[in-house]
Amino acid sequence: MSSRKSGLGRGLDALIPSGAASGAVTRQTQRDEGVATFRLLNPDGSVRDRLPITLDEMKSLYADMVEARTYDTKSIAMQRQGRLATYAPFRGQEAAQIGAAASLREDDWVAATYRDAALNWRAGYPWELLILGRTGDERGGEVPRGVNVLPPSITVGGHMIHAVGLAWAENLMGTDRIALTSFGDGATSEGDFHEAMNFAAVFNTPTVFFCQNNGYAISYPTSEQTKSESIAIKAEAYGMPGVQVDGNDVVAVLVAVREAAALARAGDGPSLIEAVTYRIGPHTTADDPSRYRAEDEGGRWEEKDPLERVRRLLERQGAWTVEWQADLEAQASATIEAAVEWAEAIPEPTFEEMLNRMYAEPTPPLREQLEGDR
Amino acid sequence: MAELNLAQALNGALDTALDADERVVLLGEDIGRVGGVFRITDGLRERHGPNRVFDTPVAESGIVGAAFGMAVAGMRPVCELQFLGFSYPAYDQIINHVARIRNRTNHRFTAPMVIRIPYGGGIGAAEHHSESTEAIYTHIPGIKVVVPSTPRDARGLLLAAIEDPDPVVFLEPIRLYRAVKEDIPDIYYKVEIGPVRMERAGDDVTLISWGAMMRETRAAADQLAEAGVSAEVLDVRTLSPLDREGIVASVEKTGRAVVVHEAPLSGGMGGEIAATIAERALYSLHAPVQRVAGWDTIFPLKRSEAHYLPSVDRIVDAASKTLEV
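All figures in this text were calculated on a predicted structure; none of them were measured in a lab.

1. Focus: the sheet that holds strand S2 (residues 179-184) of chain A
All names here are of chain A.
- Read across the sheet, five strands follow the order S1-S2-S3-S7-S6 without closing on themselves; strand pairing throughout is parallel. Among the strands making up the open sheet, the edge pair consists of strand S1 (109-111) and strand S6 (242-246). This sheet shows a mean twist of 20 degrees between the axes of neighbouring strands, independent of strand direction.
- Where strand S3 (residues 207-213) meets strand S7 (residues 271-276), six bridges bridge the pair, whose relative direction is parallel. Its bridge partner being in S7, Val-208 is matched across the sheet by Ser-271.

Written as structure tokens, this is what we have:
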């Protein structure tokens, strides 16, 4: 792929199976079957290569994915009950999101999207604040000090360049913090993608571009979104490494993003990871996927459920039991229920709060509006 | 003290800010090697180094978006967009991100940054190079919009903008860059963002303007003085937040007001100012408020420029109209 000088650069290149960059991975296999180029864990739970993590780490990743799915399921239910605003489910993308976030240091920056609750949470954004935000409350964006996760971007694509500026600033200020931006396949068609990738490469910023290619931008399939062989291959034109991974393989994502983060932290610049995954649910709770895709399409992917894959591995290792699963689910439910309870107990925001958060100090027009008739 | 024009004053302010605060960085197209299309950053890359003053790829949205990230991370970026007509690719970043991050995070993350943009016509420039679309920025909550018209204000307002905890769109009147020189102090000083500047006190009519049109407004006040009319001249300087009190206080005294701006009449800031006067000083008025503005046209190319720009005569006529009532 790209001819970077450093040894670490070769480290990332080594992830790419021979032939991948030359288009040997056909559009058919990538897009229709979701077979990605870099994978360590097969859908049946068998291991393709030696896994570079311990069994305990594996169990911990699994527990995180279970907790994330519990949040996702709960959120959909709450939206149906009118307790949350429109919600964008991430079911099917848990491995991509948890794997990416688990590869970061806790003080690294994250700029992600409305579908990235699992990623944001694993990077430090508390569930209760994510829920508070989705109830329609700006205070949900007020993450605790020390958590460097920006609130989910709602417009598509504009946030990618922020991870360039954040990383650039850290570099200039002499820290070794990096920034990861997560975005979807649709966002790669925005001009913002080009500007962000180009700036990152030109200024060699420690930025990880993490694309979750989940097959659709609302209704528009990835096969129509771009005529490039893959999204990862676009990296080459910008002069940075790009790799396509099986986004439903949490270990593959973890390894790839770790490599990309290590490159960035070592001063070797940005890279692009394309995690090929699948959005099992609708675009949002307001969407009807039956209008643009076959119902069994999702069914085939359920077979490759990122959680089920890890469960099978753990079972093969004798590390999974029905009781443990029940414990995990009960704990996750308790955690999410507590977060919901916390968020719903927050008093309604006041008129004053709405006006007081526009500027460091309310401007004279806002002061008049605060003091005047209403 | 040094006698400087507006361009030199801005250059000096940036130089001072780079010296005073290591978090300040400059980024923009052609601002390093050549010192920017108007040479406002001339010599700053040589003085402060390529890690403080960055030439960037040609991407306005990228410049503002990257600067936003830098600001959130704790730096004080100052970006330059070459012309107001070239700023629109960055509008999404400004309205959807720069202006909102404080609100979206309830003060947890902020974007203290300055977006410098040369604006306005009168130099016979190519299409898109002469825009006065300040009203599309003043309508956005979460940012401030500042327009200096004198070298002294240019330095003080720019230093204040760089120190401001909130994002500032800093519009620089191209026509005035090298128009006049003024003695300005070498020291670090700020001009408060917000208050209007009363340039000339008067009793009969208040002439209200900003940016490049201050020159014609001043000349109109001179002509009116010759005719025995005492005009008060206000330089608004900060278009957002608007100093309503300062404007109303003057109109309450004179009882007459003429607002002058280069931007098209309809939907311009003149309407906001006229409405403010109508709301708060109607009973002090001896005559209806007059607006002298650009026409509701695209800013014309060179050969029609004289048709477009508000002239001294139009301002004098408008003021006279308020005096006839």
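There's plenty left to go through after this.
2. Structural notes on unusual backbone geometry
Residue and element names in this part refer to chain B.
- Residues Ser-240 and Pro-241 are joined by a peptide bond in cis, for which omega reads 0 degrees.
- On the secondary structure map, Pro-241 appears in the loop between strand S12 (238-240) and helix H9 (244-254).
- The backbone phi angle of Arg-39 is positive, close to 65 degrees, even though this residue is not glycine.
- At His-128, a position not held by glycine, the phi torsion is positive, near 75 degrees.
- Turning to its location among the elements, His-128 is positioned in the loop between strand S5 (114-119) and helix H6 (135-138).

3. Observations regarding the domain arrangement of chain B
All names here are of chain B.
- Per the domain assignment, the segments making up chain B are domain 1 (2-184) and domain 2 (197-324).
- The gap between the C-alpha centroids of domain 1 and domain 2 is 26 Å.
- On the domain 2 side, the residues contacting the 25 residues of domain 1 number 23 residues.
- It is strand S6 (residues 144-146) that provides the largest number of residues to the side of domain 1 that touches domain 2, a total of three residues.
- Here the residues of the side of domain 1 that touches domain 2 sort into ten nonpolar, nine polar and six charged.

4. Description of the sheet that holds strand S14 (residues 290-294) of chain B
Residue and element names in this part refer to chain B.
- Taking strand neighbours across the sheet as the criterion, the five strands line up as S9-S11-S10-S13-S14 in an open arrangement whose pairing is mixed. Two strands lie at the open edges of the sheet, namely strand S9 (197-200) and S14, each paired on one side alone. When strand polarity is set aside, the average angle formed by the axes of neighbouring strands in this sheet is 25 degrees.
- Both S9 and strand S11 (residues 231-235) contribute to a ladder of three bridges, which runs antiparallel. In the strand pairing of S11, Arg-197 is matched with Asp-235.
- The sheet contacts of helix H10 (residues 269-281) involve strand S10 (205-209), strand S13 (257-264) and S14, and relative to S13 the element is tilted by about 160 degrees.

5. Notes on the environment of A:Leu355
Residues and elements named next belong to chain A.
- Inspection of the secondary structure puts Leu-355 in helix H15 (residues 351-356).
- Along the chain, Leu-355 and Ala-163 lie 192 residues apart, while their C-alpha atoms are 28 Å from each other.
- Once residues within four sequence positions are removed from consideration, Leu-355 is found in contact with Pro-362, Leu-366, Gln-369 and Leu-370.

The rules behind the values
Positions within a chain are numbered from 1, following the residues in the order the chain's sequence is written. Written order determines the labels here, with chains lettered from A and ligands numbered from 1. At least 70 in pLDDT is required for a residue's local features to be given in this predicted model, at least 80 for side-chain atom pairs to be given and counted, and no such filter applies to totals for whole chains, interfaces and linings, which use all residues. When DSSP locates at least two bridges between a pair of strands, those strands are taken to pair. Secondary structure elements follow DSSP: runs of H or I of four or more residues count as helices, runs of E of two or more count as strands, with numbering from the N terminus. Lines fitted to the C-alpha atoms define the axes, with helices restricted to the stretch that makes contact. Angles between their N-to-C directions range from 0 to 180 degrees. Note that the domain bounds were set by an automatic or database domain assignment. Two residues qualify as being in contact provided that their C-beta atoms, derived from the backbone, are within 7 Å of each other. Note on residue categories: nonpolar means Ala, Val, Leu, Ile, Met, Phe, Trp, Tyr, Cys or Pro, charged means Asp, Glu, Lys or Arg, and polar means any other residue, Gly included.

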